[in-house]
Each structure stands twice: as structure tokens, then as C-alpha cells.
Amino acid sequence: MNIAEWKELVLEIKKIDEQHKELLDLMNFLYFANRSGYPKEKIDKILDEIFKVIINHIATEETLMEKVGYPELENHKKEHEFEKRKIREILTKKEKGKEYLIDVLELFEKFPHTHLKEFDKKFVDFLKKKLEEYQPFQRDIFEEIDTRILSKDKFLALLNKYTLLNKNIIVILLDIDNFLEINLEYGFDLGDVLLNDFTNYLINELIIPKCFLGKAEGDQFLIAFYDYTFTESLELIENTMDLVRKYEFKYKGESIKITASLGVAFYPKDGETVSELLRACEIALKKAKSEGKNTWKLFNKKFLEEIKEINHISKLLEKAISEKKVIPFIQPIFDSEKRKIIGGEVLLRIFDGKGEIVKPEKFIQIANEKGYIDELENILFEKINKEKFLKLFKNRYLFINKTVKGIEKINALIKQVEFLKEIVEKYEVYPVFEITENSFIENIKLLPMLTKAIKEEKIYLAIDDFGAGYASFSYLLSSEVDFLKIDGSIVKGILKSRKYFSIIKAIVLMAKELGIKTIAEFVEEEKLSDLLYILGVDYLQGFYLAKPMPIEEFESLSSNPR
């Protein structure tokens, strides 16, 4: 191999590597779009782009394989044919208007992750051996780097030198999850000892060529790998995660385990300067933390849009709290047989900068994560504690959403019971505290304090999203629950699968035996409402019957029922 051929091969490898990165970015965006409820048209466009990249990648890869005489070409082609066949099947379903997203997600469980690790890695290894036939570069001037951990400044200085050499670099920002909890439980002195021990552990275990390690602030570490392909980089990230998970610190016969979240960025794709790379790592780390921790995330430019949106919503929430501009909306709840309004759920709404109502899916999660939800709920409670509003609910159930997080919130709710007691007596309203199944289970030991207080004052308790996660039937035996709001995903599923039908049938039967009323959420069509009535569900709520509405519209609807 002469130098011209060697350079051409390097460019071909880089091209394939860039396709791998682009594909993974698009797949991450697809998952994000699906979770965030993007419209079908947007998801279709993302999917079309993914398939375009896959087909282009397959053609590029097979051309190079033939060019370099790759011995596993035929086996690799068979795998490609399987992938192309699956793509054709999905596109056929899409053209016929059939559901196809499940097939997409199933395909992506195997491709590209498995394909990259099993098939493309073999090809990359083959190409690296080809490159070793001729290496027109001198020994890396940094090969003799000290193996000890670097300070943050020295790490960044060294990283800058590598960027000047125009090397492919992967930078990882590693953050130990919940380290404050370790400090609080065992003491800050022990926390320092554990941190030093973990530092030595990384130094001793992270023995990888072309790698250097740095200590950032607090419980954060910086790791850089250079001259690795994209597929090799993915393996290095996974190996780093495994190292953290295997670590344990012995203390008085107890084994303390930790987890970590990783933010990952590539040079030059995600940043051309050290500061840009570090910022990209921090953004990716924030994303990993927000998705449950103990995981890693590659930087994606879409994260910047997401962060911008979060900051925008946060400002709207702060304004809503400071100016007390929280708007109560009501979604009526109907008797399943007679279709009469038996009450309504009070929903929290805020305005955007243009005076338009912000969709709840855009701000509720952020309000919870940022700690705004309690203040918003308190302002909402003030807004509905008005005579004009409460008269609308005479002899009706008033469902009030409450986020329950620990003993302080339980005590706050018990104090609110005193106000509700007056409402019950004066306006003959039937207040219902509505909490999610998740909160119910997490606070199961504290709830008896609340249930005792509300039962004495003719106030009720409802579990929202029942069956979505825990489906904890056994806990109902020891809890004084009055309503079960069956999760919308189960309700909508009965038109598609007999399994969902059977689940709701079982929930209704159990609830009736325990004297608990059932409410089906997300009732969005007539056929569904009729089927739920046949199954014995007591009450219905959903867009088919009525959408969430301002107080004035609810007053009109309740005064002039259909």
C-alpha cells in the first residue's frame, strides 16, 4: 500500500464512522420525538431520514468491502439484505396507513447497535490491520504521558494539544450519582475517603492505550480517548460504565455501591475547541441525569433546543407563580350509564408570553423536576376556593390533583383538609384528593395519616393512572381508596387487544368487591365509551365526552347538559 492509497482508505473509514454517528444521532432523536409526543408527520420525516442514511451506509460499506477484499463480505451482505427487507416491510405498512412504529422500534433493538458491535466491528478491525501496513506518521509525542490522574487544567491543556493534532477524540464527563446522599448518610469525611478510593480505582482499572484521565470539580471526572473509531468508542463507553458498576467500597462490613452518569462528546463533530467540547459533555450529562441516571448520553444538538425550551418554560412558571397567573381548567366526569356530569377534575394551566394557554405536557414534568409544582398547586387551590366556583360543584365530586413527596407534603395536605371541611359543610361539595399510583406506592407508609384526616371530614381519595406502573392490587386491601382512575393507555388498548379488555374487567371486578368506584380516562370515541359501560366502569372522562375547559364553559355545560 502506497501513501496515496493509505490516505484514501483513512478517508473511507472516516466516512463510515461519520455515518455511524449520524445514524445514532437520528435514532436518539426518534426515541426522543416518540416519547415527547411529536406529531406523526414529524416522526415520519425522521424515520425517512434514518432509512435514507441506513441505505446509503450499506452501499458505502459494501463498496469499500469489495475494494479492500474483505473476506466476510458475503456474510455481511446477508445481514444487510435482512435489514433492507425489514425496511421494505415497514415502508409498505406505512404506505398502507397501518401501524408501523412498533416494527421500527423492534428493528432498532437489533440495528444498528447489535450490527455495529458484531458485524461492523469485525470490518473495522480488518481495516485497521490494513492501515498498519503503512503508517506515514511519527510516534505520538504524548505516548509517554504520566499515568496518574491530571488536574482539570492540565487535562484541558492536554486535550487542547490533541485537538491541534486534529485527532479523533472522545471526551467523557463522569458524574457520580447521588453522592450527596452518601455524604449525608455516612458523613462527609467518609465521602472524601470513598472519593479518593474511587479515584485510585479508576487510575488502576482504566488502563487503556491512548487514554488520559482528569479530576474535575467535586465528584466529577474527565476521560479522553483518542484515535479510536466510532464503534470502538461505543465499546469504551460501555466498558467505563461497567467499571463504575463493579466498584464497591467496604465500610464496617458493609459494601457501598455507586452508579454514575456520563456525558459524551466527540471532537471535532460536537465541538472544535476545548470549551465547546466541555459544554457539549455537560449538556449530554444533564440529559443522562434527567433520564434516570446510571446511564450515558452522546451529545446531540437537539439537546440544545430542549434545554432552551426548558429554560423558557421555567421562566413562564416563575412568572405564573410570582404574578399568581395560574388558570383552573375543568374536565368533566360523567356517569357511564346516564352520561350525566357527576363532577370534574381541576387542571392546572398557565399562559405563555403571547397570552395563549401552554399545553400541560410541556410544563407539568418541568414543574415537578424544578420544584415549582407545590406553589402552583397552592395558587390553584386559592383560585378554586371561591363561592362562584364551588357552587358549580354542589352535590358533585371535585377532583383536585396533588403531588405527594414525603412527610412535609402529607402534613400540608392534612392542613388543607381544614379548609376543605368548610367547603363540604357550606357548599355540599365532595372534594377528592387525586394522586398518582406512583406517589401512592412511594408514600404508602405515610398515607394512613392523610386517609384518617380526610375520612373524618367526608373527603375522598383517588388513585390516578392506576395500572400504568405498579398495578399494586395488594396495597388496596390496606388502603382506604375511594376511586381508581384507570390509566389511559390501558383504556385505549381495549379496542386493539383482548388482553387490555381482560385487565379492565379484572380491575372493575376487584374494585366492586372492595367498594371502590372506577373511572376510565382517555375515552376518545363512542365505541370505547359503550364498551366501558358494558364492562361495568362507573364513570368516564375523555375528549369524546368533554375536553378540559375554562370555568365559564363548564358552568354552561353543567347548566345545559346534552
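Residues numbered from 1 in each chain as written. Predicted model: local features only at pLDDT ≥ 70, side-chain atom pairs only at ≥ 80, totals over all residues. Heavy atoms only, no water.

How do you make sense of the overall build of the protein chain when you look at a structure like this?
Scanning the protein chain from N- to C-terminus turns up 22 helices and 17 strands. Seen through its principal axes, the protein chain has C-alpha atoms that stretch 90 × 65 × 50 Å. Relative to its full complement of 562 residues, the protein chain shows a buried share of 48%. Approximately 29,500 Å² of the protein chain is accessible, and the part contributed by carbon and sulfur atoms is 51%. Taking the average place of the 89 positive charges on the side chains of the protein chain and the average place of its 99 negative ones, the gap between the two points comes to 3 Å. (Helix = DSSP H or I, 4+ residues; strand = E, 2+ residues; numbered from the N terminus. Buried < 20%, exposed > 50% of the residue type's maximum accessible area, 1.4 Å probe, protein only. Areas by Shrake-Rupley, 256 points an atom, 1.4 Å probe, with all protein chains shown as cover. Lys, Arg positive; Asp, Glu negative; His and termini not counted. Charge placed at Lys NZ, Arg CZ, Asp CG, Glu CD.)

Mind showing me how you'd approach the pattern of salt bridges here?
When the charged atoms of two side chains lie near each other, side chains of opposite charge can form a pair. Inspection of every chain in the model, using the stated rule, returns 22 salt bridges. Among the salt bridges present, the one from Lys86 reaches Glu89, with a minimum N-O distance of 3.9 Å. Here the residue Lys86 and the residue Glu89 both occupy positions in helix α3 (residues 73-95), the gap between them amounting to three residues, near one helical turn. Judged by relative accessible area, which is 33%, Lys86 ranks as partly exposed. Judged by its relative accessible area of 39%, Glu89 falls in the partly exposed class. Between Lys289 and Asp177 there is a salt bridge, and its shortest N-O distance comes to 2.6 Å. Linking Lys289 in helix α10 (residues 274-290) with Asp177 in the loop between β2 (169-176) and α7 (179-186), this pair joins segments that are 112 residues apart in sequence. What makes Lys289 partly exposed here is its relative accessible area of 22%. (Salt bridge = Lys/Arg side-chain N within 4 Å of Asp/Glu carboxyl O.)

Is there a simple way to think about the environment of Lys154 in this case?
Looking at the secondary structure, you find Lys154 in helix α6 (residues 152-164). With a relative accessible area of 57%, Lys154 lands in the exposed category. Once the C-alpha coordinates of Lys154 and Lys485 are considered, the two residues, 331 residues apart in sequence, prove to be 57 Å apart.

Can you walk me through the side chain of Glu62 in this structure?
Its place among the elements puts Glu62 in helix α2 (residues 40-68). Those residues within four positions of Glu62 in sequence are excluded, and the remaining contacts are Leu73, Lys77 and His80. (Contact = heavy atoms within 4.5 Å.)

How do you make sense of the packing of aromatic side chains when you look at a structure like this?
Describing an aromatic ring pair means giving the distance of the ring centres and the angle of the ring planes. In total, this model carries 21 aromatic pairs according to the counting rule given. Ring geometry for Tyr397 versus Tyr460: centroids 5.7 Å apart, planes at 80°, classification edge-to-face. Of this pair, Tyr397 sits in strand β11 (residues 397-401) while Tyr460 sits in strand β13 (residues 460-466), and the two are 63 residues apart along the sequence. According to the relative accessible area criterion, Tyr397 is buried, its value standing at 17%. When its relative accessible area of 25% is taken as the criterion, Tyr460 is described as partly exposed. One aromatic cluster is present, formed by Tyr397, Phe399, Tyr430, Tyr460, Phe483 and Tyr539 through successive ring pairs. Note that Lys215 overlies the ring of Phe221, its terminal NZ or CZ placed 5.0 Å from the centroid. (Phe/Tyr/Trp six-rings, centres within 6.5 Å; stacked < 30°, edge-to-face > 60°. Lys NZ or Arg CZ within 6 Å of the ring centre and 35° of its normal.)

Any chance you could explain the environment of Tyr539 here in plain terms?
The topology assignment puts Tyr539 in strand β16 (residues 539-540). Classification of Tyr539 as buried rests on a relative accessible area of 11%. Ignoring any residue separated from it by four or fewer positions in sequence, one finds Tyr539 in contact with Ile333, Phe334, Asp335, Ser336, Ile342, Tyr397, Phe483, Lys517, Thr518, Ile519 and Ala520.

Please clarify how the environment of Glu95 should be interpreted in this entry.
In this structure, Glu95 sits in helix α3. By relative accessible area, Glu95 is classed as exposed at 70%. Along the sequence, Glu95 and Phe419 sit 324 residues apart, while their C-alpha atoms lie 57 Å from each other.

Is there a simple way to think about unusual backbone geometry in this case?
Glycine aside, the phi torsion of most residues is negative, and most peptide linkages are trans. Residues Tyr267 and Pro268 are joined by a peptide bond in cis, for which omega reads 5°. Summarising the element assignment, Pro268 is placed in the loop between β7 (260-267) and α10. Positive phi values are uncommon outside glycine, yet Lys324 reaches one of about 55°. Note that Lys324 resides in the loop between α11 (301-322) and β9 (326-335).

Which parts of the structure should I look at to understand the confidence of the model for the protein chain?
When pLDDT is low, close inspection of the predicted coordinates is not appropriate. Within the protein chain, residue pLDDT values average 84, and 91% of them lie at 70 or more. Model confidence for the protein chain, summarised as mean pLDDT per element, is weakest for helix α18 (residues 473-476) at 66 and strongest for β16 at 97. Within the model, pLDDT remains below 50 along residues 135-147, and this stretch shows 18 contacts once partners closer than five positions in the same chain are excluded. (pLDDT = per-residue confidence, 0-100.)

Is there a simple way to explain the packing of α11 against helix α13 (residues 373-384) in this structure?
A pair of packed helices is captured by two measures, namely the crossing angle of their axes and the spacing between those axes. It is at 10 Å that the axes of α11 and α13 come closest, and there the two elements cross at 40°. Comparing the axis directions of α11 and α13 gives the class oblique. The two elements α11 and α13 meet at a crossing, and its hand is left-handed. For the pair formed by α11 and α13, the contact residues are Leu317, Ala320 and Ile321 on the first element and Glu375, Leu376 and Ile379 on the second. Looking at the contact of α11 with α13 residue by residue, the classes come out as five nonpolar, no polar and one charged. (Axes fitted to C-alpha atoms, helices over the stretch in contact; angles between N-to-C directions. Parallel < 35°, antiparallel > 145°, perpendicular 65-115°, else oblique. Left-handed = near helix turned anticlockwise from the far one by under 90°. Nonpolar A, V, L, I, M, F, W, Y, C, P; charged D, E, K, R; others polar.)

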